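# Descriptive analysis of the structure
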Amino acid sequence: MSFPWANHYQPKAPLMRWLDEKLPLPRFVYNAVGAGYPVPRNLNYFWNFGVLAGFMLVVQILTGVILAMHYAPNALVAFDSTEHIMRDVNWGWLLRYGHANGASMFFVVVYIHMFRGLYFGSYKAPREMIWLLGVVIYLLMMATGFMGYVLPWGQMSFWGAKVITGLFSAIPLIGTPLQEWLLGGFAPDNAALNRFFSLHFLLPFVIAAVIILHIWALHIPGSSNPTGVEVKSESDTVPFHPYYTAKDGFGLGVFLILFAFMVFFAPNWLGHPDNYIPANPLSTPAHIVPEWYYWPFYAILRAFTADFFFIPAKLMGVMAMFGAILLLFFLPWLDTSPVRSGKYRPLFRKFFYLLLVDVFILGWMGGLPAEEPYVMISQIASIYYFAHFLIILPIVSSIERPEPMPFSITEAVLGKDDKAVLAPPGSAPAPAA
Amino acid sequence: MVRIFGILAGLFFVAALSWSLATGAYTAITEPASPTAEHEFYKHPKHLALASDGVFGKFDNQQIQRGFQVYKEVCAACHSLRLVAFRDLTQLGYNEAEVKAIAASFQVPGVDPNTGEANTRPGLAIDYFPKPYPNDIAARAANNNAIPPDLSLMAKARHDGAAYVYSLLTGYQAQPAKLLKEFPDSKTGPGLHYNPYFPNLNLAMAPPLSGPGQVTYGEGNPQPTVDQMAKDVSAFLVWTAEPKLAKRHQTGWPVLLFLIVLTGLAYLAYQNVWRDKKH
């Protein structure tokens, strides 16, 4: 769907007209991310992060495909082939550091993208499907990132793989056979490394496919915006191109400066030194920690230290860790407030900021050793995490009195305009800007 | 329906977490964790300033050459450097003839061309640094059951890499009397050496650096004191761990400069496109 006032694709060059008749791909692009897609005029910089996430997927696929040409997925040589890339492959260090830090930057932009969705209520009707597909992408990213971290076959790769696949052994009855089936053995070894490499190569393309669905679903209601008020008239929107291509270009530049700084000047800052020690099944690292982007969930996993009735602590932890992500699928139906944007929800806003701080605390604790007082802090932070989504949001959305909202996006941007209010939708004259 | 189910699930997780929290708090009160010698006496690495530090860091080839000399004459007796090839030494300012001579001074594993039996031959520039022990069992047997780790990546494989190496090499000392008083069971065992910069405080490696006379530095170099040799070998290990570090910094600045200019232009384009749209 598009708004009735959307620009129409009119190819002028004979070649483009010919192409449009045979395969209207340029028309498709024009309507998807070109001048044919009307977008709310009031999007702030937080709306840059979707494009940045898409850009990072492309960076990861390009660097990853080239790295795969030099990497050897065999437990005997995987570590050395990674060092071969760092030392002997032309610009190999740039590819590998770009890919490793690229994964981190991908998660940074996706986390900002998700928190933007949480604050501005982007998950609410009619955009539930966009949110659901987004959670699917996030899950796929987590799986891809985890398997990618195993590939250098360092100490953290090995022990991370052992701990994470060990989670499945908590499942009653089928747990241990399931873990052995996943690993292709009793512990991570060549079989596991090979399949992780294969899946690590495959999943990004699955992510790309789900991103296409994500954007398709986005184009049905159109983009949300910071007021949460739906588009009412032509004066509420601007064509994606050139307005948002220009804004995204600037955002991409700022992002690339940060990304380049990480790659060239702090490439190991987000990594763990133990992963420069070759995998050794006989020597357990003092502290096994996954990559930073899993830390909040790792903290939740480790927060369950006591058996709860007949449920073993480990199984509780695993259920909670997966539950913490899966509950995001139910978010559109847990938060029933008709008001989308946190801007007009005074009570929700306070809890949102508390959640933001809470997730930071969980992340911080997840990276620290499982000792007191870190475990207790994780437990309190995990309590808030579950309470926020499952208890507080449903209650807040029914008791809250929202603040007055603007009538339209145009009004939010230009101030109240009586003519704009009186004119029927679709025929509103563009107010002088 | 979703909300009722959600609230119930939420209460379930909150209850389970509260139970864990209560149990943990009870344990913490009834059985407070007793301090350990490792926890009380471990020291964080000392500060070490090297030419390769920071965003402008480059390699100080002269220092790294001295560090290489320390490695070759002291460390190489027990520690391998398996990821570094002799050809890499050209990056340190050695010319081709010097590299060939250094390589030839090492015996590397070879094959007798007439009988096919394993033997050794002088190294070539394409060879990697040979290992001091044929296998881990031999390494253990010769070192009181501890395998001397490979040093190629040491400066990246520990927190504060180079500073850790430097602190470890200069940190040997007698066990403090206070430690023995507080933790009588923690006396450094036979064949071990007390070093507060090592995570468990007791290191199998005997103090490897002894001071002037151990290594002779060439003309125009500082005295090879223990401190100086430790610094030099740490600088050398920064290079072995990341030979592309200087190139990375060198490449980074033009890239950043380009991106800053590009972003500035992108900002102007953005302002220009939006100049008559209020938003």
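Cut-offs used in this document
- Residues numbered from 1 in each chain as written.
- Chains lettered and ligands numbered in written order.
- Predicted model: local features only at pLDDT ≥ 70, side-chain atom pairs only at ≥ 80, totals over all residues.
- Heavy atoms only, no water.
- Helix = DSSP H or I, 4+ residues; strand = E, 2+ residues; numbered from the N terminus.
- Rg over C-alpha atoms; globule rule 2.2 N^0.38 Å.
- Contact = heavy atoms within 4.5 Å.
- Areas by Shrake-Rupley, 256 points an atom, 1.4 Å probe, with all protein chains shown as cover.
- Lys, Arg positive; Asp, Glu negative; His and termini not counted.
- Charge placed at Lys NZ, Arg CZ, Asp CG, Glu CD.
- Core = buried A, V, L, I, M, F, W, Y, C linked by side-chain atoms within 4.5 Å.
- Buried < 20%, exposed > 50% of the residue type's maximum accessible area, 1.4 Å probe, protein only.
- Domains from an automatic or database assignment.
- Buried area = accessible area lost by both parts, 1.4 Å probe.
- Salt bridge = Lys/Arg side-chain N within 4 Å of Asp/Glu carboxyl O.
- Polar contact = N/O pair within 3.5 Å; in protein donor to acceptor, adjacent residues only side chain to side chain.
- Pairing = 2+ DSSP bridges.
- Phe/Tyr/Trp six-rings, centres within 6.5 Å; stacked < 30°, edge-to-face > 60°.
- Lys NZ or Arg CZ within 6 Å of the ring centre and 35° of its normal.
- 1 Å grid on protein atoms, 1.4 Å probe; cavity = no way out; pocket = protein on both sides within 12 Å on 5 of 7 lines; lining within 4 Å.
- Points joined across faces, edges and corners; volume = space filled by probe spheres on them.
- Nonpolar A, V, L, I, M, F, W, Y, C, P; charged D, E, K, R; others polar.
- Patch = residues over 30% accessible without salt bridge, like charges linked within 9 Å, V, L, I, M, F, W, Y side chains within 5 Å.

### A short note on the overall build of chain A
- Helix and strand content of chain A: 17 helices and two strands.
- For chain A, the C-alpha radius of gyration of 24 Å lies close to 22 Å, the compact-globule estimate for 433 residues.
- On the principal axes, the C-alpha backbone points of chain A span a range of 75 × 60 × 40 Å.
- Counting contacts in chain A only where the partners sit at least 6 residues apart, residues at least 24 apart contribute 80% of the total.
- Entry remark: accessible area of chain A is about 19,200 Å², with carbon and sulfur atoms responsible for 73%.
- Separation between the mean location of the 24 positive side-chain charges and that of the 24 negative ones in chain A comes to 8 Å.

### So, the nonpolar core
- Judged by nonpolar contacts, the single largest core of 185 residues is most densely connected at Phe297, Tyr385 and Phe386 of chain A together with Leu89 of chain B.
- Two domains each donate at least three residues to this core, and these are domain 1 (40-84 + 129-242) and domain 2 (248-273) of chain B.
- Setting aside its immediate chain neighbours within four residues, Phe297 of chain A contacts Tyr111, Tyr138, Met142, Met321, Ala324, Ile325 and Tyr385 of chain A.
- One finds Ala37, Phe41, Phe183 and Leu201 of chain B within the second-largest nonpolar core, a separate group that totals six residues.

### Observations regarding the domain arrangement of chain B
- Split into domains, chain B comes out as domain 1 (40-84 + 129-242) and domain 2 (248-273).
- Each of domain 1 of chain B and domain 2 of chain B has a C-alpha centre, and these two points are 42 Å apart.

### Here's the deal with the interface of chain A and chain B
- The interface is formed by 64 residues belonging to chain A together with 58 residues belonging to chain B.
- Summing both sides of the interface, chain A and chain B together bury roughly 5,400 Å²; the carbon and sulfur share of this comes to 73%.
- When the shortest N-O distance is used, the salt bridge between Asp80 of chain A and Arg82 of chain B registers 2.8 Å.
- Counting across the chain A and chain B interface gives 14 residue pairs in polar contact (both at pLDDT 80 or more).
- Going through the elements one at a time, α4 (78-87), α5 (92-119), α10 (240-265), α12 (313-326), α13 (331-334), α15 (374-399) and α16 (409-414) of chain A are the ones with two or more residues in the side of chain A that touches chain B.

### What about the pattern of salt bridges?
Residues and elements named next belong to chain A.
- On inspection of all chains with the given rule, the structure shows 19 salt bridges over all chains.
- The partner of Glu230 in a salt bridge is Arg127, and the shortest N-O contact between them spans 2.9 Å. One end of the pair, Glu230, is in the loop between α9 (190-219) and β2 (237-239); the other, Arg127, is in the loop between α5 and α6 (128-150), with 103 residues separating them in the sequence.
- Among the residues examined, Glu230 registers a relative accessible area of 29% and is labelled partly exposed.

### Description of the pairing of strand β1 (residues 107-111) of chain B
All names here are of chain B.
- Of the pairings in the sheet, the one linking β1 to strand β2 (residues 118-122) comprises five bridges and is antiparallel in character. Within β2, the position partnered with Val111 by the bridge is Ala118.
- The turn joining β1 and β2, which pair antiparallel and follow one another in sequence, is formed by six residues; a positive phi near 80° is taken by Gly116.

### Section: the environment of Tyr37 of chain A
All names here are of chain A.
- Along the chain, Tyr37 falls in the loop between α2 (25-33) and β1 (38-40).
- Relative accessible area serves as the criterion here: at 5%, Tyr37 is assigned to the buried category.
- Considered as a pair, Tyr37 and Gly148 are 111 residues apart in the sequence and their alpha carbons are 36 Å apart.
- Those residues in contact with Tyr37, other than ones at most four positions away along the chain, are Tyr30, Asn31, Ala32, Leu218, His219, Gly222, Ser223, Val238, Pro239 and Phe240.

### Some details on the packing of aromatic side chains
- Considering all chains together, one arrives at 57 aromatic pairs over all chains under this definition.
- Ring plane angle 90° and centroid distance 4.8 Å describe the contact between Tyr119 of chain A and Phe120 of chain A, whose orientation is recorded as edge-to-face.
- Phe120 of chain A gets classed as buried once you look at its relative accessible area, which sits at 6%.
- Ring centres of Phe261 of chain A and Phe265 of chain A lie 5.4 Å apart, and the angle between their planes is 45°; this geometry places the pair in the tilted category. Of this pair, Phe261 of chain A and Phe265 of chain A both sit in helix α10, four residues apart, roughly one helical turn.
- Judged by its relative accessible area of 12%, Phe265 of chain A is buried.
- One aromatic cluster is present, built from ring pairs that chain together Tyr37, Tyr45, Phe240, Tyr243, Tyr244 and Phe250 of chain A together with Tyr267, Tyr270 and Trp274 of chain B.
- When the ring centre of Trp47 of chain A is taken as reference, the NZ or CZ atom of Arg116 of chain A above it lies at 4.4 Å.
- Over the aromatic face of Tyr166 of chain B sits the side chain of Lys46 of chain B, whose NZ or CZ is 5.5 Å from the ring centroid.

### Considerations on empty space enclosed by the protein
Residues and elements named next belong to chain A.
- Counted by the stated rule, this structure contains seven cavities of 30 Å³ or more.
- In this structure, the largest cavity encloses a volume near 880 Å³.
- Along the wall of the largest cavity there are 41 residues; nearest its centre are His99, Ala100, Gly148, Tyr149 and His200.
- Take the lining of the largest cavity: its biggest share by element is nine residues, from α5.
- Grouping the amino acids of the lining of the largest cavity by side-chain chemistry returns 25 nonpolar, 14 polar and two charged.
- Size it by volume and the second largest cavity reaches roughly 50 Å³.

### Observations regarding a nonpolar patch on the surface
Residues and elements named next belong to chain A.
- Taken together, the side chains of Leu23, Leu25, Phe28, Val29 and Val33 define a hydrophobic patch exposed on the protein surface, amounting to about 480 Å² of accessible area.
- Checked against the element boundaries, Phe28 lands in helix α2.
- Taking the relative accessible area as the measure of exposure, Phe28 reaches 56% and is therefore exposed.

### Describing helix α6 (residues 161-170) of chain B
All names here are of chain B.
- The element α6 is extensively covered by neighbouring structure, given that ten of its ten residues are classed as buried.
- For α6, every residue scored as buried is listed here: Gly161, Ala162, Ala163, Tyr164, Val165, Tyr166, Ser167, Leu168, Leu169 and Thr170.
- Residues of α6 that are buried make contact with β4 (202-203) and α8 (226-241).

### Looking at the environment of Tyr30 of chain A
Residues and elements named next belong to chain A.
- Tracing the chain through its elements places Tyr30 in helix α2.
- Taking the C-alpha atoms as reference points, Tyr30 and Arg302, separated by 272 residues in sequence, lie 48 Å from one another.
- Aside from chain neighbours lying at most four places away, what touches Tyr30 is Asn7, His8, Tyr9, Ala35, Gly36 and Tyr37.

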